[in-house]
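Structure at a glance
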Amino acid sequence: MSAAVVVMVLGAFIAGGAISFHRQKMPAWTVVVLALVAAGLIGYGWYSWFQAR
């Protein structure tokens with residue numbers, strides 16, 4: 001398993017946390033920050049995975 005896949009899985013885990021926080025009615029800024037971090041990790045992992053090929 002490459003590092004890019006690990007980064008994408010970590011992003012997906014954090015995205016799940018953002019969804020969970022949203023369902024628990026946490027403050028919106030917390031959900032937005034988690035969602036942005038998740039999107040960044042998934043995007044970086046995707047970019048790294050395609051650069052390695």
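Residues numbered from 1 in each chain as written. Predicted model: local features only at pLDDT ≥ 70, side-chain atom pairs only at ≥ 80, totals over all residues. Heavy atoms only, no water.

Here we look at the overall build of the protein
We apply this condition: Helix numbers and strand numbers start at the N terminus; a helix is a DSSP run of H or I with at least 4 residues, a strand a run of E with at least 2. Classification of residues uses two cut-offs on accessible area relative to the type maximum, computed with a 1.4 Å probe and protein chains only: under 20% is buried, over 50% is exposed, and between them is partly exposed. In what follows, residue pairs with any heavy atoms lying within 4.5 Å of each other are defined as contacts. Shrake-Rupley sampling with a 1.4 Å probe provides the accessible areas, and residues are treated as covered by the protein chains on show and by no other component.
Across its full length, the protein carries 2 helices and 0 strands. Classification of the 53 residues of the protein by burial places 15% in the buried group. Within the protein, contacts between residues at least 6 apart in sequence are counted, and of these 65% link residues at least 24 apart. For the protein, the exposed area adds up to about 4,000 Å²; of that, 75% sits on carbon and sulfur atoms.

Things to note about the packing of aromatic side chains
Keep this limit in mind: Aromatic contacts are taken between Phe, Tyr and Trp rings whose centres are within 6.5 Å, Trp giving its six-membered ring; a plane angle under 30 degrees counts as stacked, one over 60 as edge-to-face, and the others as tilted.
Following the criterion strictly, the structure yields 2 aromatic pairs and no others. Ring plane angle 65° and centroid distance 5.0 Å describe the contact between Trp46 and Phe50, whose orientation is recorded as edge-to-face. Of this pair, Trp46 and Phe50 both sit in helix α2 (residues 28–51), separated by 4 residues, roughly a single helical turn. A relative accessible area of 42% means that Phe50 is categorised as partly exposed. Each ring, one from Trp49 and one from Phe50, has its centre 5.0 Å from the other, and the planes form 65°; the classification is edge-to-face. Its relative accessible area of 30% is what places Trp49 among the partly exposed residues.

Remarks on the UniProt feature "transmembrane region" (unreviewed entry) in the protein
Stated precisely, the cut-off is as follows: UniProt positions are given in the numbering used here, feature names are shortened, and annotations may be inferred rather than shown by experiment.
As annotated in UniProt, the feature "transmembrane region" (unreviewed entry) corresponds to residues 28–47 in the numbering used here. Taken end to end, residues 28–47 comprises 100% helix and 0% strand; its first and last C-alpha atoms sit 28 Å apart.

Some words on helix α1 (residues 3–23)
We apply this condition: Here, expected helix span is obtained from the residue count minus one, scaled by 1.5 Å.
For α1, which comprises 21 residues, the first-to-last C-alpha distance of 30 Å matches the rise-based estimate of 30 Å (1.5 Å per residue) to within 8%. Residues of α1 that are buried make contact with α2. Immediately downstream of α1, the backbone of Lys25 shows phi near 60°, a positive value.

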